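What follows is each chain in one-letter form.
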Amino acid sequence: MKKLKKLKKLPKYILLAAIAAFFLFPVIYMLAMSVMTSEEVSRILDFSSDGFKSIDLIPQVFSLEQYYQVFFRRADYLLEFWNSIIITVPTVIGQTVVCALAAFAFGKLEFPGRDKLFFVYIILLILPTQVTLVPNYIVLNNMGLLNSFLAVILPGMFSAFGVCLLRQSVRYIPDAFIEAARMDGASYINIFLKIILPQIKGGLVTLFLLCFIDNYNLIEQPLAYFNDSEKYPLAVTMSEIGVNDAGIVFACGVMFMIPPLLIYYIGQDDVSSPFTLSDKG
Amino acid sequence: MKYKTRTRIAAALFILPSFLGILIFYIIPYIICFLNSMYSGGDFTGVANYAELLENNAFWLAMKNTAVFMGVGITLLLVISFLLALFLNSFRKISAFFRSALLIPVIVPSASLICVWQLFFEDNGVINGILNSLGMDSVKFFSGGFSVVMIIFIYIWKNCGFCVILFTAGLANIPEQYYESARLDGASKLKTVTRISMPLITPTAFFAFLMAVIYSFKIFREVFVLFGDYPDENVYFLQNFINNNFKSLNFAHLSSASIVFSVFLILLLLLFFIFERKRNFLE
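Residues numbered from 1 in each chain as written. Chains lettered and ligands numbered in written order. Predicted model: local features only at pLDDT ≥ 70, side-chain atom pairs only at ≥ 80, totals over all residues.

1. Observations concerning the overall build of chain A
This is how it is decided: To qualify as a helix, a DSSP run of H or I must reach at least 4 residues; to qualify as a strand, a run of E must reach at least 2; elements of each kind are numbered from the N terminus. Partly exposed residues are those whose C-beta has more than 12 but fewer than 20 other C-beta atoms within 10 Å; 20 or more makes a residue buried and 12 or fewer makes it exposed, with C-beta atoms placed from the backbone. By definition, residues are in contact whenever their C-beta atoms, placed on the basis of the backbone, come within 7 Å of each other.
Of the regular secondary structure elements, chain A holds 14 helices and zero strands. Reported as C-alpha extents along the three principal axes, the dimensions of chain A are approximately 75 × 75 × 30 Å. Counting every position in chain A, which comprises 281 residues, the buried fraction comes to 44%. Within chain A, contacts between residues at least 6 apart in sequence are counted, and of these 82% link residues at least 24 apart.

2. Brief notes about the overall build of chain B
A tally of regular secondary structure across chain B gives twelve helices and two strands. A principal-axis box enclosing the C-alpha atoms of chain B has dimensions of 80 × 70 × 30 Å. Taken over 283 residues, chain B has a buried fraction of 40%. At a minimum sequence separation of 6, the contacts of chain B that also span at least 24 residues come to 73%.

3. Looking at the environment of Val61(A)
With respect to the element layout, Val61(A) can be found in the loop between α2 (38-44) and α3 (65-73). Separated by 24 residues in the primary sequence, Val61(A) and Thr37(A) have C-alpha atoms spaced 6.8 Å apart.

4. Quick look at the confidence of the model for chain B
Close inspection of predicted coordinates is inappropriate for parts of the model with low pLDDT. Basically, it comes down to this: For every residue, the predictor reports its confidence as pLDDT, a number between 0 and 100.
When the pLDDT values of chain B are averaged, the result is 83; 97% of them are 70 or greater. We note a pTM of 0.84 for the whole complex and an ipTM of 0.81 for its interfaces.

5. Structural notes on the confidence of the model for chain A
Residue and element names in this part refer to chain A. Per-residue confidence for chain A gives a mean pLDDT of 83, with 92% of residues at or over 70. By mean pLDDT, helix α13 (residues 234-244) is the weakest element of chain A at 73, and helix α4 (residues 75-108) is the strongest at 92. For the stretch residues 277-281, pLDDT sits under 50, and the model shows four contacts to residues farther than four places along the chain or on other chains.

6. Topic: the interface of chain A and chain B
Condition: All residues other than Ala, Val, Leu, Ile, Met, Phe, Trp, Tyr, Cys, Pro, Asp, Glu, Lys and Arg, Gly among them, are scored as polar; the first ten of these are nonpolar and the last four charged.
Each side of the interface is counted separately: chain A has 75 residues, and chain B has 75 residues. For the side of chain A that touches chain B, the class distribution of residues is 59 nonpolar, 13 polar and three charged.

7. Some details on the packing of α4(A) against helix α11 (residues 201-216) of chain A
Residue and element names in this part refer to chain A. Note the threshold: To get an axis, fit a line to the C-alpha atoms, keeping to the stretch in contact for a helix; angles then go from 0 to 180 degrees between the N-to-C directions. Take the far helix as your reference; a near helix turned counterclockwise from it by less than a right angle gives a left-handed crossing, and one turned clockwise gives a right-handed crossing.
The interhelical angle for the contact between α4 and α11, taken along N-to-C directions, is 145°, at an axis separation of 9 Å. Where α4 crosses over α11, the handedness of that crossing is right-handed. Contacts between α4 and α11 involve Ser84, Ile87, Thr88, Thr91, Val92, Gln95, Thr96, Cys99 and Ala100 from the first element and Leu204, Leu207, Phe208, Cys211, Phe212, Asn215 and Tyr216 from the second.

8. Some details on the nonpolar core
How we decide: Remark: nonpolar core denotes a set of buried Ala, Val, Leu, Ile, Met, Phe, Trp, Tyr and Cys residues whose joining runs through C-beta atoms within 7 Å.
Judged by nonpolar contacts, the single largest core of 155 residues is most densely connected at Ala102(A), Ile151(B) and Cys163(B). The biggest single contributor to this core is helix α7 (residues 146-172) of chain B, with 14 residues. If we ignore the near neighbours within four places in the chain, the residues touching Ala102(A) are Val163(A), Phe14(B), Ile15(B) and Ser18(B).

9. Comments concerning helix α10 (residues 202-227) of chain B
Residues and elements named next belong to chain B. Our working definition: Expected span of a helix, by definition, is 1.5 Å for each gap between consecutive residues, and there is one gap fewer than residues. What the bend at a residue measures is the angle between two axes, fitted to the seven residues ending there and to the seven starting there.
Taking 1.5 Å per residue, 26 residues should reach 38 Å; α10 reaches 36 Å between its end C-alpha atoms and fits that length. At serine 216, α10 is deflected by roughly 30°, the largest bend along its length. At the C-terminal side of α10, glycine 228 shows a positive phi close to 80°.

10. Topic: unusual backbone geometry
Residue and element names in this part refer to chain A. Of note, the phi angle at asparagine 147 is positive, near 65°, even though the residue is not glycine. Tracing the backbone shows asparagine 147 in the loop between α6 (129-142) and α7 (150-157). Looking at asparagine 147, the number of C-beta atoms within 10 Å reads 14, which means it is partly exposed.

11. A word on the environment of Phe59(B)
Residues and elements named next belong to chain B. Of note, phenylalanine 59 is situated in helix α3 (residues 57-89). Taking the number of C-beta atoms within 10 Å as the measure of exposure, phenylalanine 59 has 21 and is therefore buried. Measuring from C-alpha to C-alpha, the distance between phenylalanine 59 and serine 258 comes to 11 Å, with 199 residues separating the pair along the chain. Once residues within four sequence positions are removed from consideration, phenylalanine 59 is found in contact with Leu53, Phe241 and Ala257.

12. Observations regarding the environment of Leu209(A)
Residue and element names in this part refer to chain A. Structurally, leucine 209 can be placed in helix α11. Judged by local crowding, leucine 209 falls into the buried class, with 22 C-beta atoms found within 10 Å. For leucine 209 and arginine 114, which are 95 residues apart along the polypeptide, the C-alpha to C-alpha distance reads 28 Å. Excluding its chain neighbours within four sequence positions, the residues that come into contact with leucine 209 are Ile263, Tyr264, Gly267 and Val271.

Following this line, the structure appears as structure tokens:
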């Protein structure tokens, strides 16, 4: 009887495995191709050849040549990788702090016009980058920030999305906690630091991760605001690398995805917890 | 000082940094954009730019493509994610490995995967190889109507996992008793989904919808890296239109297109709000 029950569940598990494979496959494929020799990769990426591409997950010759090239031979890719980090890290830290402060006020403090202001935030949230790209160019030009990293970092620090996400987490905190602290004479800044921040850890981690990925992937802004191509982050060059430097494209891609994966790995227990009511402790 | 006043001052101080930033980098640019849209070559022309824009074929093409992509892409994304979430919900626990598998597409940078997509979708790529071995004709993903299919596929692949996580979290928040009593009353499985799961999940659905809209603009990156500045006419989106006018420094076109695009989005959002009025997200 028990065996039969397990057997009945089998199709479900097969479906589950298929779903996982569907989402993971492109990444596994890339990892596999990153340990092939440059010649093999160039041959695979040569679309002018006859015959259809097949999926080769096992390299003909296992080789770390691509990685060797990227890390020791092509300083430009490492420099651009470094540019990406210089741009992304301050943006993300700034955004998390700014959004957490605002989310506390929107989520827990009463003030006139709160919901109207929040509605403005939601509207700003859905406007795509392209809409504000040029006007922002004018603003940044007036501030004398064009062609500096700050031109991308500063606007990136302020996002309506982060405020909305964290406000959602803040609202799950019972009002009684804050009332009790008020009674004990705690200041708002203390309440924020000692009660709110520890409680919204999940939200903070999620925002940090999403915001990191988002700013890490910026293409439009650096292209528009930097004259100097030396300042371009890796995302910009990566978009053309397949044409210019096919031999190392997969190792470069793997290198590029390590930082966000690392952040996810460290914070994975907290991602998505901002959306659940349960296990809030 | 009175308690109320102190709260208000505190609130203002907490919001100030965010508000200043939003003012400088969103609201002021937006006003500049609006003013720009009324000028042409330094002269005030009122709505002339808009009139010109509305006669521009490229603009209408971009508008149509964007609407089609958003309509089909977002609907498919939300429906597929919801179904997957229902499926996952039937398991007692989702393993950490599986959750990571779902989130990997969101985490991996777009730029990392371009060559993989090319291998899949090129004229002699993997997918066409499979189609041919099944005795079907090749499909051209980089030109013609199928290019939008490819972009929608990538969009769903990329964002589905995150929406599923949102939906499973939302489903987990629904008390088990509701299903229990529905079962006792003899409700069918389908009925419990449409009458319990779907209505109770609307706040989550709202958030997922917002995410889907935001991320639908980010697909421009994939379009850009796969097609360049002038993609096939089926995937020529408003972002391409704006971007190309940016390059040719046609500020009049650019600003008016931006304003029209935003109005289109704000209307979409308002519609959604009216639709959702009963369970107001803001409350």
